[in-house]
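# Remarks on the overall topology
Spelled out from the first residue to the last, the chains are:
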Amino acid sequence: MLKKFCGRLGGWFGYLVFALGLLLLFLWLLFPQEALPRLLVQYLNAAYPQLRWQIRSISLQFPEGLRLGGLEGYGVRETNKPWLRVDLLELRPDISGMWKIKRPRAGYRLLLAKGVVAGTLQLDDWHAGLQMDGTVAGVQLTECPLLARALDRELQGTLSATFKGLLPLTADQHGEIEASLTIDNGRLALRRPILTHRVLPFSQATVWLQRRGDVLRLEQGLVASELFNGQFSGDVGLLREPAAGRIDVTGTLQPRPEFFKGVSSGAVLRLIRTQLKDNLLPFRLSGDLQDPGIGFEEYSMLFQTLEKELR
């Protein structure tokens, strides 16, 4: 028994030393030649061709790990301001964790958009992908122009989240993610106005999402706004270009008086209020993710008539 245990222990230790030794040898050989930054930039440019990437600084120390400073992604034709900037990325091997689970494992931390993203990465099998989990705290959406540009509209708010998922490492793999998201003090510009409103302000929006392949499932969505309280769920079909995706979301709204601001007390408005009474207003958001349309189900004709009167 002791011999068997020592044999297993030696195998685990040998695997750990081999994995760490190979990683450190690889970095040690490349780092003095400044090949590592170049390889990382080449990988990012290939993985995200809509941006051109730069790395301002890089350092490697043991056991602190790898530190990247000023990781910036620029628009192809714009070089004055990055669309995405990571002020600091730290990747630190979890030696004790790898010893326990006998698999490569590391902690990571990103400082971006005045917030922090932190968590762990674990490689169970190269062909299975890279397991990840983490939290997001205090990320300012206005500091991430990439998202607003992809949706072609103003977007504000403070993002926080918890998540876990699978990062693909080969071309035939599909990413997976589960996350609980919250955006506080938000503001979203509307491509198509709803009644007199061209902007949707909200104090808080929350949603649970799950990605499987090219479909993002939204559940338990809640929105608290000065215009209404709402709930929603649905699907988003994902493509390589975010704005080219498709959305199909349904839900209900409980309008506040501000929702009908600017609408005169005409016959149509009275009819809507009479039919709603204490009921919730159903809606469907569908179409291109960049420019979806919204309808109010059985109340759609009444709202179309009301909007015509507002023109």
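Refer to the structure printed above.
Throughout what follows, the structure given in this document is the object of discussion. (Residues numbered from 1 in each chain as written. Predicted model: local features only at pLDDT ≥ 70, side-chain atom pairs only at ≥ 80, totals over all residues. Heavy atoms only, no water.)

### Section: the environment of Arg67
Tracing the backbone through its elements, the reader meets Arg67 in strand β2 (residues 65–75). Here the alpha-carbon distance between Arg67 and Ser57, two residues 10 residues apart in the chain, equals 8.1 Å. Side-chain polar atoms of Arg67 contact the side chain of Glu90, separated by 2.3 Å. (Helix = DSSP H or I, 4+ residues; strand = E, 2+ residues; numbered from the N terminus. Polar contact = N/O pair within 3.5 Å; in protein donor to acceptor, adjacent residues only side chain to side chain.)

### Focus: the packing of aromatic side chains
Tallied over the entire structure, the rule returns four aromatic pairs. Ring geometry for Phe228 and Phe259: centres 6.2 Å apart, planes at 80°, overall edge-to-face. Linking Phe228 in strand β11 (residues 228–237) with Phe259 in the loop between β12 (246–255) and α5 (267–276), this pair joins segments that are 31 residues apart in sequence. Of the two residues examined, Phe228 and Phe259, each falls in the buried class. Measuring from centroid to centroid gives 4.3 Å for Phe296 and Phe303, while their planes differ by 25°, and the two rings are stacked. Overall, the relative accessible area of 3% leaves Phe296 in the buried class. Cluster of aromatic residues (ring-pair linked, three or more members): Phe228, Phe259, Phe260, Phe296 and Phe303. (Phe/Tyr/Trp six-rings, centres within 6.5 Å; stacked < 30°, edge-to-face > 60°. Buried < 20%, exposed > 50% of the residue type's maximum accessible area, 1.4 Å probe, protein only.)

### What to know about the packing of α5 against helix α6 (residues 300–310)
The axes of two packed helices give the description: the angle between them and the distance between them. Axis separation between α5 and α6 bottoms out at 9 Å; the angle between their running directions is 150°. By the angle between their axes, α5 is roughly antiparallel relative to α6. Two packed elements cross with a definite hand, and for α5 against α6 that hand is left-handed. On the side of α5, the interface is formed by Val268, Leu269, Leu271, Ile272 and Gln275, while α6 contributes Leu302, Phe303, Thr305, Leu306 and Glu309. (Axes fitted to C-alpha atoms, helices over the stretch in contact; angles between N-to-C directions. Parallel < 35°, antiparallel > 145°, perpendicular 65-115°, else oblique. Left-handed = near helix turned anticlockwise from the far one by under 90°. Contact = heavy atoms within 4.5 Å.)

### Examining unusual backbone geometry
The backbone of Ala113 shows a phi angle near 50°, a positive value even though the residue is not glycine. Within the secondary structure, Ala113 sits in the loop between β4 (105–112) and β5 (115–125). Residue class for Ala113 comes out buried when judged on its relative accessible area of 7%. One non-glycine residue with positive phi stands out, namely Asn185, at about 50°.

Shape descriptors only; they carry no functional weight alone.
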